[in-house]
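Chain residues, written in single-letter form:
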Amino acid sequence: QVQLVESGGGLVQAGGSLRLSCAASESIVSFNTISWYRQVPGTQRELVAVITSSSNRNYADSVKGRFAIFRDSAKNTVYLQMNSLRPEDTGVYYCNAMRITGPVSGYWGQGTQVTVSS
């Protein structure tokens, strides 16, 4: 069973930065996509950023220019660098890994809380 472990969340003031990490128990290049989602209580998880196995990246409009997703294949870890944080970035951030070649399979981490104070 694939395990994803997020870390790096915390409390930060508006305008500050955080770097989230998602460590995978298997080689991250074996996944077609690895994504970061965030969720606020009472709402659905929303996609924040995604990186593909070919290193293509996409971002939600709300975070473009402020967040960056990147990976370290040697460490089997994907990162989300979050700069210029805003109170509306507050939420639980989840890592998701997907394989869509062969049997489709998806995996989630346990989440890490990010709180941005105004």
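Throughout, residues of each chain are indexed from 1 in the direction in which the sequence is written. Only residues with pLDDT of at least 70 get local features here, since the model is predicted, and only at 80 or more are side-chain atom pairs given and counted; chain-wide, interface and lining totals rely on the full set of residues. Side-chain figures throughout are based on the complete set of non-hydrogen atoms in the structure, without hydrogens or water.

A. Spotlight on the environment of Val116. To qualify as a helix, a DSSP run of H or I must reach at least 4 residues; to qualify as a strand, a run of E must reach at least 2; elements of each kind are numbered from the N terminus. Here Val116 lies in strand E11 (residues 112–117). According to the relative accessible area criterion, Val116 is buried, its value standing at 6%. Separated by 30 residues in the primary sequence, Val116 and Arg86 place their C-alpha atoms 6.1 Å from one another. When checking whether two residues touch, look at their non-hydrogen atoms; a contact exists if any pair is within 4.5 Å. In this structure Val116 touches Val12, Gln13, Ala14, Leu85, Arg86, Pro87, Asp89 and Thr90, once residues within four positions along its chain are discounted. Partly exposed residues are those whose accessible area sits between 20% and 50% of the maximum for their type, while under 20% is buried and over 50% is exposed, using a 1.4 Å probe and protein chains only.

B. Local environment of unusual backbone geometry. A positive phi is found at Ser55, a non-glycine position, where the angle reads about 70°. Among the structural elements, Ser55 can be located in the loop between strand E5 (46–52) and strand E6 (57–59). We classify Ser55 as partly exposed; its relative accessible area is 31%. Positive phi outside glycine occurs at Ser84, with the angle close to 50°.

C. Representation of the pattern of salt bridges in the model. By convention in these notes, a salt bridge is any Lys or Arg side-chain nitrogen within 4 Å of a carboxyl oxygen on Asp or Glu. Under the definition given, this model contains five salt bridges. Two residues, Asp61 and Lys64, come together in a salt bridge whose shortest N-O distance is 3.1 Å. For Lys64, a relative accessible area of 49% translates into the label partly exposed. Note that Arg66 and Asp89 form a salt bridge whose closest N and O atoms lie 2.8 Å from each other. Taken together, the positions of Arg66 in the loop between E6 and strand E7 (67–72) and Asp89 in the loop between strand E8 (77–82) and strand E9 (91–99) put the pair 23 residues apart, joining distant regions of the chain. This pair shows no difference in class: Arg66 is buried, exactly as Asp89 is. Look at the salt bridges and you will find they share partners, linking Arg38, Glu46, Arg66 and Asp89 into a network.

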